[in-house]
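Take a look at the letters that make up each chain.
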Number of protein chains: 2
Amino acid sequence: MKGAVLYGPRDLRFVERETPTIVAPTDAVVRLAATCVCGSDLWPYRGIQATTQPAPMGHEYCGIVEEVGSSVRSVKPGQFVIGSFFASDNTCPNCQIGYQTSCQHREFVIGAQAPLLRVPLADGTLVATPEIPPAHLIPDLLAVSDVLGTGWFAADAANVTPGSVVVVVGDGAVGLLGVLAARERGAGRIIAMSRHSTRQRLARDYGATDIVTERGDDGVAQILELTQGVGADCVLECVGTQESMQQAIRSARRGGYVSYVGVPHGVEFKGEELFYTHVHLHGGPAPVRRYLPKLIDLVLDGRINPGKVFDLTLPLEQVAEGYRAMDERRAIKTLLRP
Amino acid sequence: MKGAVLYGPRDLRFVERETPTIVAPTDAVVRLAATCVCGSDLWPYRGIQATTQPAPMGHEYCGIVEEVGSSVRSVKPGQFVIGSFFASDNTCPNCQIGYQTSCQHREFVIGAQAPLLRVPLADGTLVATPEIPPAHLIPDLLAVSDVLGTGWFAADAANVTPGSVVVVVGDGAVGLLGVLAARERGAGRIIAMSRHSTRQRLARDYGATDIVTERGDDGVAQILELTQGVGADCVLECVGTQESMQQAIRSARRGGYVSYVGVPHGVEFKGEELFYTHVHLHGGPAPVRRYLPKLIDLVLDGRINPGKVFDLTLPLEQVAEGYRAMDERRAIKTLLRP
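Because the structure is predicted, anything quoted here is derived from the model rather than measured.

1. Details of the overall build of chain A
Part 1 of the reasoning: A tally of regular secondary structure across chain A gives eleven helices and 19 strands.
Part 2 of the reasoning: The dimensions of chain A, computed from C-alpha atoms along their principal axes, are 60 × 40 × 40 Å.
Part 3 of the reasoning: Considering chain A as a whole, with its 338 residues, one finds that 58% of them fall into the buried category.
Part 4 of the reasoning: In chain A, 68% of the contacts between residues at least 6 apart in sequence involve partners at least 24 apart.

Right, dumping it as structure tokens:
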């Protein structure tokens, strides 16, 4: 089998890899209907995160179960399933309160940019759809696997409730789906910070009521002007840099909520500064598993179209071009067809 | 009038000061029934916070209204009142959602270690009791003004709910009243971190079910052992140093809540570390005003005795000894009688 392997900065190759098999009795092997490139894949791709040895890539997936280990009970071969980037048992104390990405037995699911994927802890990790979904819903269901689930967590962790004034920092796929999640949670106003016209259009389509193109101090000044000097109730930080985090915190009202869902790179909070902002801060690797059943239902009911974030679709063997297009911001997110 | 003035590190003098008068029509002047020394007063007293000019001290107070400005409507001379360390209008957008310490018109109330105190924004700041309270309740009502309100906010911001497993880091008066607040909010288990026997006793008296004497890594290990490796649902950080903050975050379960209510001194959070802990973080200057009516009722009903944290009572003119006793940890908290 051939799959995507990162050898070093911007050296992404589609090469022969070992075909996944059942290793533990709790495993499943899934034949992927589609996979994609994540914004977080760009950190090592750009060399900001070191690659010490050739690394199979990809952690977003949906498809048909090919084989299961002897102890797997909740899914069976032939079913269409969706899972998240951390395998989780869904029974430990951390899972039980909805933090499956902090599962005591979590394992990172890696190597999904390939035709076949081994998923550990299949019973806890995978959610099957009632039937094999129609082909046109595959992009939407693939989005549920990570990027929608992450945007959803961002809105949840930022306490978006009916009527909330929401700011979304970051116009990548997660930020855009944070907009959608805020709309679904009843936000009264959704301000998307974006300077790219195609992303602005999609943000509007997903429910953004205002667009702010400025960044940094100017961006914060705009948010304050739009909110009568008060700031936003909820701010979703969907980038992961010091600049975007500062912008997020300073856009929030006193007593407001700031969520952050991308791995922070070089971000530091000064205790005293944070103290006087009075913000609530919550984030971490999105526990997508918590939301999978609900989000799958929303997609199958035709209520949401998260798959629109895929504005480039390529055959899997062109995965390197998929990375390049995202790196150069020619594409929001690349879907790959095995 | 004579009051406490800090001239430099450990140079606290009881000296002649200007007698407070009505300056703005929204002011009140209060004749204090009692005042006290705050843990936060020790930061400048110890020189950790610089004193650039002689500074009148004290911000905790209750007493009888002596005079009010022409626009004050909600309190009148002769009433017994309690207020918080930030004067607030209680009507601005920040006040309306309960963050009166971030009031758009807030003013720090300072100079309370004296017989008389000017309180700005009296209508928004002061809460009157239905009647003049009996003398034996004065310490309890004084505690409401800051230290109980702050402990209460710590428990609220850490999301203490019925059944919660709670850790309190810090055995100062705020931490001890955080224990009391956690008990009142129905915590299932309250672990107080303290190595001082008198403070341990008071913690037990206020509802602590367990005492952990270790600090740092050893303290965290103890918490994990007491919680089957999971960590606490809620952690109240009531110190404000890097060590105590680290201890607090590492004592929390994944997805747990950490509150911090003392001004952080030299505290920094690494974004990536915080991200993987999955904690909720919330703190800031406690919006005591939010809780005043409820806490006053609890005291007047005889349900709580927060005044027990005052284990040293001195006449006001001995205020310097009151500071020394707290600095040397001979006293938990000093009450001063003008």
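Back to the write-up after that little detour.
2. Considering the sheet that holds strand S2 (residues 11–16) of chain B
Residue and element names in this part refer to chain B.
Part 1 of the reasoning: With respect to topology, three strands assemble into an open sheet ordered S2-S1-S4, the strand pairing being antiparallel. Where the open sheet ends on each side, the last strands, each with one partner, are S2 and strand S4 (55–56).
Part 2 of the reasoning: When strand S1 (residues 2–8) meets S2, the two strands line up antiparallel, connected through six bridges. When the bridges of S2 are listed, leucine 6 appears paired with leucine 12.
Part 3 of the reasoning: In the packing of helix H11 (residues 319–327) onto the sheet, contacts are made with S1 and S2, and the angle to S2 comes to roughly 160°.

3. Let's talk about the relation of the copies chain B and chain A
Part 1 of the reasoning: The transform that puts chain B on chain A rotates by 180° and translates by 0.0 Å along the axis, for an RMSD of 0.0 Å. Such values leave the two copies arranged in the relation of a two-fold axis.

4. Quick look at helix H4 (residues 138–157) of chain A
Residue and element names in this part refer to chain A.
Part 1 of the reasoning: Counted at 1.5 Å a residue, the expected span for H4 with its 20 residues is 28 Å, and the 27 Å between its end C-alpha atoms agrees.
Part 2 of the reasoning: By the largest-angle criterion, valine 144 marks the main kink of H4, which is about 65°.
Part 3 of the reasoning: The positive-phi residue at the C-terminal boundary of H4 is asparagine 159, with phi of around 60°.

5. Focus: the interface of chain B and chain A
Part 1 of the reasoning: The interface is formed by 26 residues belonging to chain B together with 26 residues belonging to chain A.
Part 2 of the reasoning: Going through the elements one at a time, helix H2 (93–96), strand S15 (252–260), strand S16 (268–270), helix H9 (271–277) and strand S17 (280–283) of chain B are the ones with two or more residues in the side of chain B that touches chain A.
Part 3 of the reasoning: The residue inventory of the side of chain B that touches chain A, partitioned by class, reads twelve nonpolar, ten polar and four charged.
Part 4 of the reasoning: Two elements, strand S17 (residues 280–283) of chain A and S17 of chain B, share three bridges in a ladder whose sense is antiparallel. For histidine 280 of chain A, the partnering residue across the bridge sits in S17 of chain B and is histidine 282 of chain B.

6. A word on the packing of helix H5 (residues 173–184) of chain B against helix H6 (residues 197–206) of chain B
Residue and element names in this part refer to chain B.
Part 1 of the reasoning: Where H5 meets H6, the axes come as close as 8 Å, and the angle between the chain directions of the two elements is 15°. Considering their axes alone, H5 and H6 lie roughly parallel with respect to each other. Considering how the two elements wind past one another, H5 and H6 form a crossing that is right-handed. Of the residues in H6, those touching H5 at Leu176, Val179, Leu180 and Arg183 are Arg199, Leu202, Ala203 and Tyr206.
Part 2 of the reasoning: Of the residues that constitute the contact of H5 with H6, the class distribution is six nonpolar, no polar and two charged.

7. Observations regarding the nonpolar core
Part 1 of the reasoning: Core analysis: the largest hydrophobic core is formed by 236 residues, its most contacted members being Val166, Leu177 and Val179 of chain A together with Val166, Leu177 and Val179 of chain B.
Part 2 of the reasoning: Among all residues touching valine 179 of chain A, those that are not within four sequence positions of it are Val168, Ile190, Ala192, Ala203, Tyr206, Gly207 and Ala208 of chain A.

8. Regarding the packing of H4 of chain A against helix H10 (residues 288–300) of chain A
All names here are of chain A.
Part 1 of the reasoning: Between H4 and H10, the least distance of the axes is 9 Å, while the angle of their chain directions is 125°. Classed by the angle they form, the pair H4 and H10 counts as oblique. The hand of the H4/H10 crossing is right-handed. Where H4 approaches H10, its residues Asp140, Leu141, Val144, Asp146, Leu148, Gly149, Thr150 and Trp152 are matched on the opposing element by Val288, Tyr291, Leu292, Leu295, Ile296 and Val299.
Part 2 of the reasoning: For the contact of H4 with H10, a count of residues per class yields ten nonpolar, two polar and two charged.

9. As for the domain arrangement of chain A
Residue and element names in this part refer to chain A.
Part 1 of the reasoning: Assigned domains of chain A: these are domain 1 (2–132 + 305–337) and domain 2 (150–283).
Part 2 of the reasoning: Computed over C-alpha atoms only, the centres of domain 1 and domain 2 are separated by 27 Å.
Part 3 of the reasoning: The partner domain 2 presents eleven residues to the nine residues of domain 1 that form the contact.
Part 4 of the reasoning: Class assignment of the residues belonging to the side of domain 1 that touches domain 2 gives a composition of five nonpolar, two polar and two charged.

10. Some details on helix H7 (residues 216–226) of chain A
Two residues of an α-helix separated by three or four positions point the same way, owing to the 3.6 residues in each turn.
All names here are of chain A.
Part 1 of the reasoning: Inspection of H7 places Gly219, Val220, Gln222 and Ile223 among the buried residues, and these make up the whole buried set. Axial view of H7: buried residues confined to an arc of 155°, hence all on one face. Exposed residues on H7 whose side chains face more than 90 degrees from its buried face are Asp217, Asp218 and Glu225.
Part 2 of the reasoning: Looking at the packing, one finds that the buried side of H7 touches strand S11 (165–169), strand S12 (189–193), strand S13 (210–212), strand S14 (232–237) and helix H8 (242–251).

11. Overview of the environment of tyrosine 323 of chain B
Part 1 of the reasoning: Position of tyrosine 323 of chain B relative to the elements: it lies in helix H11.
Part 2 of the reasoning: When neighbours within four sequence positions are excluded, tyrosine 323 of chain B is seen to be in contact with Leu12, Val37 and Tyr45 of chain B.

12. Comments concerning the environment of aspartate 301 of chain B
Part 1 of the reasoning: Following the sequence through the fold, aspartate 301 of chain B ends up in the loop between helix H10 (288–300) and strand S18 (312–315).
Part 2 of the reasoning: With 262 residues separating them along the chain, aspartate 301 of chain B and glycine 39 of chain B place their C-alpha atoms 27 Å apart.

13. Points about unusual backbone geometry
Part 1 of the reasoning: The residue asparagine 159 of chain A is not glycine, and still its phi comes out positive at about 60°.
Part 2 of the reasoning: One can find asparagine 159 of chain A in the loop between H4 and S11.

14. Thoughts on the environment of phenylalanine 275 of chain A
Part 1 of the reasoning: One can find phenylalanine 275 of chain A in helix H9 (residues 271–277).
Part 2 of the reasoning: Apart from the residues lying within four places of it in its own chain, the contact partners of phenylalanine 275 of chain A are Val263, Pro264, Gly283 and Gly284 of chain B.

15. Comments concerning the sheet that holds strand S1 (residues 2–8) of chain A
Residue and element names in this part refer to chain A.
Part 1 of the reasoning: Pairing in this open sheet of three strands is antiparallel, and the strands run S2-S1-S4 from one edge to the other. The sheet is open, and its two edges are formed by strand S2 (11–16) and strand S4 (55–56), each paired on a single side.
Part 2 of the reasoning: The pairing of S1 with S4 spans two bridges and is classified as antiparallel. Across the sheet, leucine 6 pairs through a bridge with alanine 55, a residue of S4.
Part 3 of the reasoning: Sheet strands touched by helix H11 (residues 319–327): S1 and S2. Its angle to S2, the strand with the most contacts, is close to 160°.

16. Regarding the confidence of the model for chain A
Part 1 of the reasoning: For chain A, mean pLDDT is 97; residues scoring 70 or higher make up 100% of the total.
Part 2 of the reasoning: The ipTM for the predicted assembly is 0.95, set against a pTM of 0.96.

17. A few points about the pairing of S18 of chain B
All names here are of chain B.
Part 1 of the reasoning: Pairing analysis gives four bridges linking S18 to strand S19 (residues 334–337), with the strands arranged parallel. Paired with leucine 312 across the bridge in S19 is threonine 334.
Part 2 of the reasoning: Between the parallel elements S18 and S19, the chain passes through H11 in a crossover that is right-handed.

18. Here's the deal with the pairing of S15 of chain B
Residues and elements named next belong to chain B.
Part 1 of the reasoning: The buried count for S15 comes to nine of nine residues, which makes it a mostly enclosed element.
Part 2 of the reasoning: With five bridges joining them, strand S14 (residues 232–237) and S15 adopt parallel strand pairing. Each bridged residue has a counterpart across the sheet, and for valine 235 the counterpart in S15 is valine 258.
Part 3 of the reasoning: Once the chain exits S14 it traverses helix H8 (residues 242–251) before rejoining the sheet at S15, and the crossover so formed is right-handed.
Part 4 of the reasoning: In this structure, S15 lies alongside S17, joined through four bridges in parallel fashion. In the sheet register, tyrosine 257 faces S17, and the bridge partner there is histidine 280.

Here is what the cut-offs are and how they apply
- Residues numbered from 1 in each chain as written.
- Chains lettered and ligands numbered in written order.
- Predicted model: local features only at pLDDT ≥ 70, side-chain atom pairs only at ≥ 80, totals over all residues.
- Helix = DSSP H or I, 4+ residues; strand = E, 2+ residues; numbered from the N terminus.
- Buried ≥ 20, exposed ≤ 12 C-beta atoms within 10 Å, placed from the backbone.
- Contact = placed C-beta atoms within 7 Å.
- Pairing = 2+ DSSP bridges.
- Axes fitted to C-alpha atoms, helices over the stretch in contact; angles between N-to-C directions.
- Least-squares fit on C-alpha atoms with pLDDT ≥ 70 in both.
- Expected span 1.5 Å × (residues − 1).
- Bend = angle between axes of the 7 residues up to and from the residue.
- Nonpolar A, V, L, I, M, F, W, Y, C, P; charged D, E, K, R; others polar.
- Parallel < 35°, antiparallel > 145°, perpendicular 65-115°, else oblique.
- Left-handed = near helix turned anticlockwise from the far one by under 90°.
- Core = buried A, V, L, I, M, F, W, Y, C linked by C-beta atoms within 7 Å.
- Domains from an automatic or database assignment.
- Arc of directions from axis to C-beta.
- pLDDT = per-residue confidence, 0-100.
- Right-handed = clockwise from strand over helix to strand, strands pointing away.

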